[in-house]
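Observations on chain architecture
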Amino acid sequence: MKGHVVIELKNVAYSYGGGELLSDISLKLGSGSFHFLTGPSGAGKTTFLKLCYMELASTAGVVKVFEKDTRTMNRDEVAVNRQRIGVVHQDCQFLEHLNVATNILLPVMVSGRKRQAVTENLQSLLNWVGLENHAEALPAELSGGERQRAALARALILSPDVILADEPTGNVDWEMSSRMLNLLIELNKMGKTIMIATHDLNLIRTAKSKVNARVLRISNRRLQLAGADL
Amino acid sequence: MNISDILKSLTPDKHTVLAATKGAIQLLKGDQHADQVVPPSGHTATLTSFTAGAMAFLAVFALALSLATGRLADRWKTELSQSATVRISAPEDQMSRQVSKLIEVLNTTPGIAAVNVLSEADQKALLEPWFGPDIPLDDLPIPKLIDIIQDGNGFDADGLRLRLSAEVPGAVLDDHSRWRKPLVRAAGSLRWLGTLSILLIALATAAMITLAANAALATNAQVIKVLRLVGARDDYIAQAFVRRFTLRAFSGAAVGTLAGVIAVMLLPDASAASGFLTGLGFVGWQWIWPMFIPPLAAIVAYVATRFAAFKRLGELT
């Protein structure tokens with residue numbers, strides 16, 4: 001494991017509606033590590049990520065984020081720790097009444113930083129994700145791929161320590177997938193911890209040729225290391 | 001600029017993150033971006049402004065009532081307590097002698113500044129509203145009335161009564177206390193009713209703004225969820241709602257207060273028609289009081305919305 005532990009799950013279970021979705025999950029995400037999380041649809045990948053960024057609370061076991069037990073965190077502590085985690089949500093989670101630029105700046109605004117201080121960086125990020133001409137557009141006016149790119153830009157705007165991405169390439173073409181992957185690899189080389197939930201095996205294979213990534217699979221409610229075929 | 005440069009320059013500054021928690025200061029300084037994250041809601045905005053305006057309008061009248069009755073009570077207390085009346089009944093042939101004797105007694109009583117015997121014309125004018133202009137005053141056994149004006153120290157009413165019973169047995173002293181006290185008490189009660197009305201108006205405003213804030217918070221549950229996902233603290237989210245409702249309440253109350261003050265100014269001046277009653281309005285420095293209504297409405301809205309917001313955010317875990 002690289003560096004200190006940024007997220008740790010110890011015998012974690014999550015139940016919903018009377019059924020257990022995840023069971024006895026234990027994992028340590030070291031600082032600067034790169035993980036893929038795979039598994040069939042409905043296996044619990046999104047739930048796993050939600051446990052990591054504290055949108056859900058485990059029904060058993062311990063989740064530690066930045067070495068602090070999430071069960072003992074108050075809402076303000078959760079908020080401050082979330083500012084250190086950039087999340088690309090599968091459904092993007094935009095504020096639909098705000099334009100793309102403002103949505104990307106949301107983490108900056110809620111953290112109390114001056115918007116003006118990152119204006120130039122915002123423009124660079126928009127250029128990088130190919131949305132420079134869509135800054136003033138509303139999220140509803142974007143295609144699925146454009147929304148995901150905007151979500152990625154928002155996840156990066158505060159330069160977080162950890163980046164969790166839930167199917168970030170689900171709606172983008174291969175060229176953009178490749179660009180996004182390269183960005184995440186570059187971020188990982190800067191010391192950022194990356195976890196990508198995906199069922200795109202080509203993406204995983206491409207990444208493994210470029211970076212030392214661990215591939216985890218959720219199967220039968222449990223987390224296991226994926227086979228050598230990946 | 002490559003992506004590494006961008007990300008390096010975006011490393012969060014802990015001091016500025018901590019600064020974001022100072023919600024009250026932010027509210028005063030204003031944060032248009034915090035306002036921006038909550039979509040504009042025309043319905044609750046109109047409702048809040050209208051409620052604050054209507055309540056401020058009513059508050060102006062309650063304040064005017066409270067201050068006017070206060071003045072009334074003071075006037076009754078001071079003016080009526082400075083005068084008294086002596087009524088003397090005697091057979092016609094003894095009346096002049098009794099009146100002279102009475103005046104002599106009154107003139108030698110400490111605390112009495114002036115004594116005025118009401119003429120027949122004065123007495124007729126007093127009775128005219130009750131018996132009409134053709135009252136045959138000469139044929140009626142009407143007692144003589146003598147007005148007493150006190151000096152600054154006042155006189156001893158009980159002592160004077162004792163003296164009159166000994167020296168002028170037909171004279172009866174009425175120092176107005178019998179009916180002055182209930183009037184002053186009634187005016188005092190009206191003043192408290194006015195104050196109570198202002199308090200009730202403030203509470204009703206708080207209740208309505210709480211309802212409107214709760215409606216806005218419920219409507220924007222998804223917005224709150226997204227803000228939390230990107231790391232917003234409760235203070236930041238609450239501030240977006242609190243600032244909006246506070247400013248709406250302030251602006252609505254300012255308009256309502258202005259309308260109320262204009263309406264009070266347009267009321268007829270009752271004091272000109274009666275030497276006894278006072279007009280429902282403000283006098284002199286009392287015109288300053290309505291200016292406190294809009295800030296008070298803003299404070300009520302601030303407290304009500306903040307309470308509602310934190311309660312709601314606590315439930316949305």
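Only a predicted model underlies this, so the values are computations on that prediction, with no experimental measurement involved.

1. Details of the overall build of chain B
Of regular secondary structure, chain B possesses 13 helices and four strands. Here chain B, with 317 residues, has 43% of them falling under the buried criterion. Put simply, of all contacts in chain B between residues at least 6 apart along the chain, 84% involve residues at least 24 apart. Accessible area of chain B: about 17,000 Å², with a carbon and sulfur share of 65%.

2. Description of the overall build of chain A
For chain A, the helix and strand inventory stands at seven helices and ten strands. For 230 residues, the compact-globule formula gives about 17 Å, and the C-alpha radius of gyration of chain A, at 17 Å, lands near that figure. Considered along the principal axes of its C-alpha atoms, chain A spans approximately 45 × 40 × 35 Å. A burial count over chain A gives 58% of its 230 residues as buried.

3. What about the sheet that holds strand 5 (residues 68–69) of chain A?
The strand order 2-1-4-5 (chain A) describes an open sheet built from four strands, whose pairing is antiparallel. Strands at the two margins of the open sheet, each flanked by one partner only, are strand 2 (19–30) and strand 5 of chain A.

4. Points about the pairing of strand 2 of chain A
Residue and element names in this part refer to chain A. Examined bridge by bridge, strand 1 (residues 5–16) and strand 2 share eight bridges and lie antiparallel to one another. Its bridge partner lying in strand 2, valine 5 is registered against glycine 30. What sits between strand 1 and strand 2 in their antiparallel hairpin is a turn of two residues, with glycine 17 showing a positive phi close to 60°.

5. What to know about the sheet that holds strand 2 (residues 112–117) of chain B
All names here are of chain B. Taken in spatial order, the four strands line up as 2-3-1-4 in an open sheet, and their pairing is antiparallel. On the outer flanks of this sheet lie strand 2 and strand 4 (171–174), each paired with one strand and no other. Strand-to-strand twist in this sheet, taken as the mean axis angle between neighbours without regard to direction, amounts to 20°.

6. Regarding the confidence of the model for chain B
Residues at a pLDDT of 70 or more form 85% of chain B, whose mean pLDDT is 82. Residue range residues 9–21 of chain B is modelled with pLDDT below 50. Its contacts to residues more than four positions away, or to other chains, number 27 contacts.

7. Some remarks on empty space enclosed by the protein
Residue and element names in this part refer to chain A. A complete count under the given rule lists one cavity of 30 Å³ or more for this structure. Empty space within the largest cavity amounts to approximately 130 Å³. Along the walls of the largest cavity sit 13 residues, with Ile85, Gly86, Val87, Pro107 and Arg154 positioned nearest its centre. Those elements giving two or more residues to the lining of the largest cavity turn out to be strand 6 (85–88) and helix 5 (144–156). Of the residues forming the lining of the largest cavity, the biggest block, three residues, is contributed by strand 6. Its residues assigned to classes, the lining of the largest cavity shows eight nonpolar, three polar and two charged.

8. Some words on the environment of serine 165 of chain B
Residue and element names in this part refer to chain B. Tracing the backbone through its elements, the reader meets serine 165 in helix 8 (residues 157–167). As a C-alpha pair, serine 165 and methionine 55 span 110 residues in sequence and 58 Å in three-dimensional space. A polar side-chain atom of serine 165 sits 2.7 Å from the main-chain carbonyl oxygen of leucine 162.

9. Points about helix 5 of chain A
Compared with an ideal rise of 1.5 Å per residue, which puts 13 residues at 18 Å, helix 5 of chain A spans 19 Å between its outermost C-alpha atoms and is within 8% of the ideal. Every buried residue of helix 5 of chain A is accounted for by Gly145, Glu146, Arg147, Gln148, Arg149, Ala150, Ala151, Leu152, Ala153, Arg154, Ala155 and Leu156 of chain A.

10. Some words on the packing of aromatic side chains
The way to describe two aromatic rings as a pair is by their centre distance and the angle between their planes. Throughout the structure, instances matching the rule amount to four aromatic pairs over all chains. Judged by centre distance (5.2 Å) and plane angle (50°), the rings of phenylalanine 57 of chain B and phenylalanine 61 of chain B are tilted. With phenylalanine 57 of chain B and phenylalanine 61 of chain B both in helix 5 (residues 42–81) and four residues apart, the pair spans about one turn of that helix. By relative accessible area, which is 30% here, phenylalanine 57 of chain B ends up partly exposed. One cation-aromatic arrangement involves arginine 84 of chain A over phenylalanine 66 of chain A; the distance from NZ or CZ to the ring centre is 3.8 Å. The ring of tryptophan 128 of chain A carries arginine 179 of chain A above its face, with NZ or CZ at 5.4 Å from the centroid.

11. A short note on the pairing of strand 6 of chain A
Residues and elements named next belong to chain A. With burial as the criterion, each face of strand 6 is covered, one bearing Ile85 and Val87 and the other bearing Gly86 and Val88. Bridging between strand 6 and strand 7 (residues 162–166) involves four bridges; their strand directions are parallel. Bridge pairing in strand 7 places valine 88 opposite alanine 165.

12. Structural notes on a nonpolar patch on the surface
On the surface, Leu190, Leu193, Leu196, Leu199, Leu200 and Leu203 of chain B cluster together to form a nonpolar patch covering roughly 560 Å² of accessible area. Here leucine 190 of chain B shows up in helix 9 (residues 177–219).

13. Observations regarding the packing of helix 11 (residues 234–266) of chain B against helix 13 (residues 293–315) of chain B
All names here are of chain B. Remark: helix 11 packs on helix 13, axes separated minimally by 8 Å, with the N-to-C direction vectors making an angle of 150°. It follows that helix 11 is roughly antiparallel to helix 13 by the angle criterion. Like other packed secondary-structure pairs, helix 11 and helix 13 cross with a definite hand, here right-handed. Of the residues contributing to the contact of helix 11 with helix 13, the split by class is 19 nonpolar, three polar and three charged.

Conventions used here
Along each chain, residue indices are assigned from 1 in the same order as the chain's sequence is written. For naming, the first written chain is A and the first written ligand is 1, with later ones following in the order written. With the structure being a predicted model, the display of local features is reserved for residues of pLDDT at least 70 and the display and counting of side-chain atom pairs for 80 or more, all residues being used for whole-chain, interface and lining totals. The side-chain values count all of the structure's non-hydrogen atoms but skip hydrogen atoms and water molecules. Numbering goes from the N terminus for both helices and strands, where a helix is a DSSP run of H or I of at least four residues and a strand is a run of E of at least two. Only protein chains enter the accessibility calculation, which uses a 1.4 Å probe; a residue is then buried when its area is under 20% of its type maximum, exposed when over 50%, and partly exposed in between. The contact criterion used throughout is that any non-hydrogen atoms of two residues lie within 4.5 Å. Computed with the Shrake-Rupley method and a 1.4 Å probe, the accessible areas treat only the protein chains shown as cover for residues. Taken over C-alpha atoms, the radius of gyration is set against a globule rule of 2.2 Å times the number of residues to the power 0.38. Two strands are counted as paired when DSSP detects at least two bridges linking them. Simply put, an axis is a line fit to the C-alpha atoms, just over the touching stretch for a helix, and the angle between two N-to-C directions goes from 0 to 180 degrees. Confidence per residue, as judged by the predictor, is encoded in pLDDT with a range of 0 to 100. The method works on a 1 Å grid over the protein atoms by themselves. A cavity is a set of points holding a 1.4 Å probe that cannot get out, a pocket is an open set with protein on both sides within 12 Å along at least five of seven lines, and residues with an atom within 4 Å of a point line them. Grid points are joined across faces, edges and corners, and a volume is the space filled by probe spheres set on the points. In this count, Pro and Cys sit with the nonpolar residues alongside Ala, Val, Leu, Ile, Met, Phe, Trp and Tyr, while Asp, Glu, Lys and Arg are called charged and the others, Gly among them, polar. Any N or O atom pair separated by 3.5 Å or less is treated as a polar contact, with the protein-specific requirement of one donor-capable and one acceptor-capable atom, and with residues adjacent in sequence counted only for side-chain atom pairs. Multiplying one less than the number of residues by 1.5 Å gives the expected span of a helix. Stacked, tilted and edge-to-face pairs are distinguished by plane angle, under 30 degrees for stacked and over 60 for edge-to-face with tilted covering the rest, among Phe, Tyr and Trp rings (Trp via its six-membered ring) whose centres lie within 6.5 Å. A ring is considered to have a charge above it if a Lys NZ or an Arg CZ atom is located within 6 Å of its centre and within 35 degrees of its normal. Patch membership needs two things, relative accessible area over 30% and no salt bridge, and members are linked within 9 Å if like-charged or within 5 Å if nonpolar (Val, Leu, Ile, Met, Phe, Trp, Tyr). Salt bridges are counted wherever a side-chain nitrogen of Lys or Arg sits within 4 Å of a carboxyl oxygen of Asp or Glu. Working rule for angles: under 35 degrees goes down as roughly parallel, over 145 as roughly antiparallel, 65 to 115 as roughly perpendicular, anything else as oblique. Two helices that cross are described as forming a left-handed crossing if the nearer one is turned anticlockwise from the farther one by less than a right angle, and a right-handed crossing if clockwise.

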